[in-house]
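Coordinates in review
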Amino acid sequence: MKACDHHPKEMQQLCVSLVPIFNHLQPEEMLEIAKTTTHAQYERNDIIYGAGDQSAHLYIVHQGRVKIYLLSESGKEQLIRILEPGDFMGELSLFTESMFDHYAVAMEKTEICVLRRVDLQAFLLKYPTISIKILEEFGRRLDRTEKLISSLTSEDAEKRIAAYLLELLDGQNDQTLTLPMAKKDLASYLGTTPETVSRKLAEFQERGWIEQTGQRKIKIHHIQALQEV
């Protein structure tokens with residue numbers, strides 16, 4: 001972890017304004033929160049925190065990307081999610097002094113804003129709407145987790161990959177999407193192998209359902225076929 005060379009106050013204010021749990025507040029209220037944050041920079045593959053570390057801070061991704069994963073006893077990664085600018089992690093520290101059971105690792109050069117639990121708890125009392133926003137995010141994450149668990153336990157790889165493509169496409173006007181992660185990480189997330197992901201995407205393309213147009217870019221030609229899978 002390296003200290004950031006930029007202007008800390010400007011970076012912290014921008015960082016807070018990216019986060020859905022804070023950006024509904026007035027500018028002066030966001031500035032008040034920003035003043036309590038610290039700023040840190042990580043290089044690719046740097047561990048931000050690991051399993052067994054104390055959970056006492058809220059981490060906000062300002063720039064870059066972070067992957068959250070569990071590590072099995074055999075050493076195999078199970079990707080849980082990928083965080084991008086405006087996403088946050090470590091939120092369970094709000095409610096209990098516990099230890100993390102997962103890892104947070106920078107996928108590229110990443111800048112993080114860190115807010116201490118004691119400061120955040122004070123802001124929750126002062127601005128109760130933050131609590132509602134956090135609960136909304138908890139609900140979204142729980143829904144995604146339940147869908148992932150259901151997929152891993154009851155569907156084959158082809159169904160999981162088709163469902164994932166449809167999930168990425170949901171809400172987009174354009175039918176071209178960009179995979180947010182490398183196939184290795186996507187395989188970990190979907191509980192399969194990189195070879196299976198590549199093979200199934202190639203099969204989808206041969207059937208005319210999709211077109212792989214570039215690195216991680218996929219154009220969907222036949223939504224109904226994916227839905228039927």
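See the structure printed just above.
I will try to describe carefully the structure that is included in this document. (Residues numbered from 1 in each chain as written. Predicted model: local features only at pLDDT ≥ 70, side-chain atom pairs only at ≥ 80, totals over all residues. Heavy atoms only, no water.)

Summarising the element assignment, Trp209 is placed in the loop between helix 7 (194-206) and strand 12 (210-214). When its relative accessible area of 14% is taken as the criterion, Trp209 is described as buried. With twelve residues separating them in the primary sequence, Trp209 and His221 have C-alpha atoms 5.1 Å apart. With sequence-adjacent residues up to four places away left out, Trp209 is seen in contact with Phe204, Lys219, Ile220, His221, His222, Ala225, Leu226 and Val229. (Helix = DSSP H or I, 4+ residues; strand = E, 2+ residues; numbered from the N terminus. Buried < 20%, exposed > 50% of the residue type's maximum accessible area, 1.4 Å probe, protein only. Contact = heavy atoms within 4.5 Å.)

Strand pairing within a sheet occurs via backbone hydrogen bonds; the two strands may be parallel or antiparallel. Strand order in the open sheet formed by four strands is 2-9-5-6, and the pairing between neighbours is antiparallel. One side of each edge strand has no neighbouring strand; the edge strands of this open sheet are strand 2 (47-49) and strand 6 (77-83). Strand-to-strand, the axes of this sheet are offset by a mean angle of 30°, without reference to chain direction. Lying on the sheet, helix 6 (residues 183-190) is in contact with strand 5 (66-71) and strand 6; it crosses strand 6 at an angle near 110°. (Pairing = 2+ DSSP bridges. Axes fitted to C-alpha atoms, helices over the stretch in contact; angles between N-to-C directions.)

Okay, the packing of aromatic side chains next. Scanning the entire structure with this criterion turns up six aromatic pairs. Where Tyr49 meets Tyr59, the ring centres are 5.3 Å apart and the plane angle is 40°; that geometry is what we call tilted. Of the two residues, Tyr49 sits in strand 2 while Tyr59 sits in strand 4 (residues 57-63), which places them ten residues apart along the sequence. Across the pair, Tyr59 and Tyr49 agree in class, each one buried. Ring centres 3.7 Å apart and planes at 15° place the aromatic pair Tyr49 and Phe100 in the stacked group. One end of the pair, Tyr49, is in strand 2; the other, Phe100, is in the loop between strand 8 (98-99) and strand 9 (103-106), with 51 residues separating them in the sequence. Looking at Tyr49, the relative accessible area reads 2%, which means it is buried. Residue Phe100 is classed as buried on the basis of its relative accessible area of 7%. Here the aromatic residues Tyr49, Tyr59 and Phe100 are joined through ring pairs into a cluster of three or more. (Phe/Tyr/Trp six-rings, centres within 6.5 Å; stacked < 30°, edge-to-face > 60°.)

The subject of this paragraph is the pairing of strand 4. Within strand 4, five of the seven residues are buried, which leaves the element mostly enclosed by the surrounding structure. Pairing of strand 4 with strand 10 (residues 110-116) involves six bridges; the strand directions are antiparallel. Looking at the pairing, Val61 lines up with Ile112 of strand 10. Judged from the two bridges that link them, strand 4 and strand 7 (residues 88-89) form a sheet pairing that is antiparallel.

Next up on the list: the sheet that holds strand 7. Taken in spatial order, the four strands of this open sheet run 1-10-4-7, and their pairing is antiparallel. Both edges of this open sheet fall to strand 1 (38-42) and strand 7, since each of them pairs with a single strand only.

In this structure, the largest pocket occupies an estimated 680 Å³ of space. Every residue lining the largest pocket is counted, 26 residues in all, and those nearest its centre are Arg81, Ile82, Arg144, Glu167 and Tyr189. Elements with a contribution of two residues or more to the lining of the largest pocket: strand 6, helix 4 (129-154) and helix 5 (157-169). Considered class by class, the residues forming the lining of the largest pocket number 14 nonpolar, three polar and nine charged. Here the second largest pocket is characterised by a volume of approximately 450 Å³. (1 Å grid on protein atoms, 1.4 Å probe; cavity = no way out; pocket = protein on both sides within 12 Å on 5 of 7 lines; lining within 4 Å. Points joined across faces, edges and corners; volume = space filled by probe spheres on them. Nonpolar A, V, L, I, M, F, W, Y, C, P; charged D, E, K, R; others polar.)

All right, on to the pairing of strand 9 then. In this sheet, strand 9 lies alongside strand 2 in antiparallel orientation, the contact comprising two bridges. Bridge pairing in strand 9 links Tyr49 to Ala104. Relative to strand 9, strand 5 is paired through four bridges, and the arrangement is antiparallel. When the sheet's bridge partners are listed, Ile68 is paired in strand 9 with Ala104.

What follows is about unusual backbone geometry. Positive phi, close to 75°, is recorded for Asn45, a residue that is not glycine. Examined against the element boundaries, Asn45 turns out to sit in the loop between strand 1 and strand 2.

What is shown is where atoms sit, not what they do.
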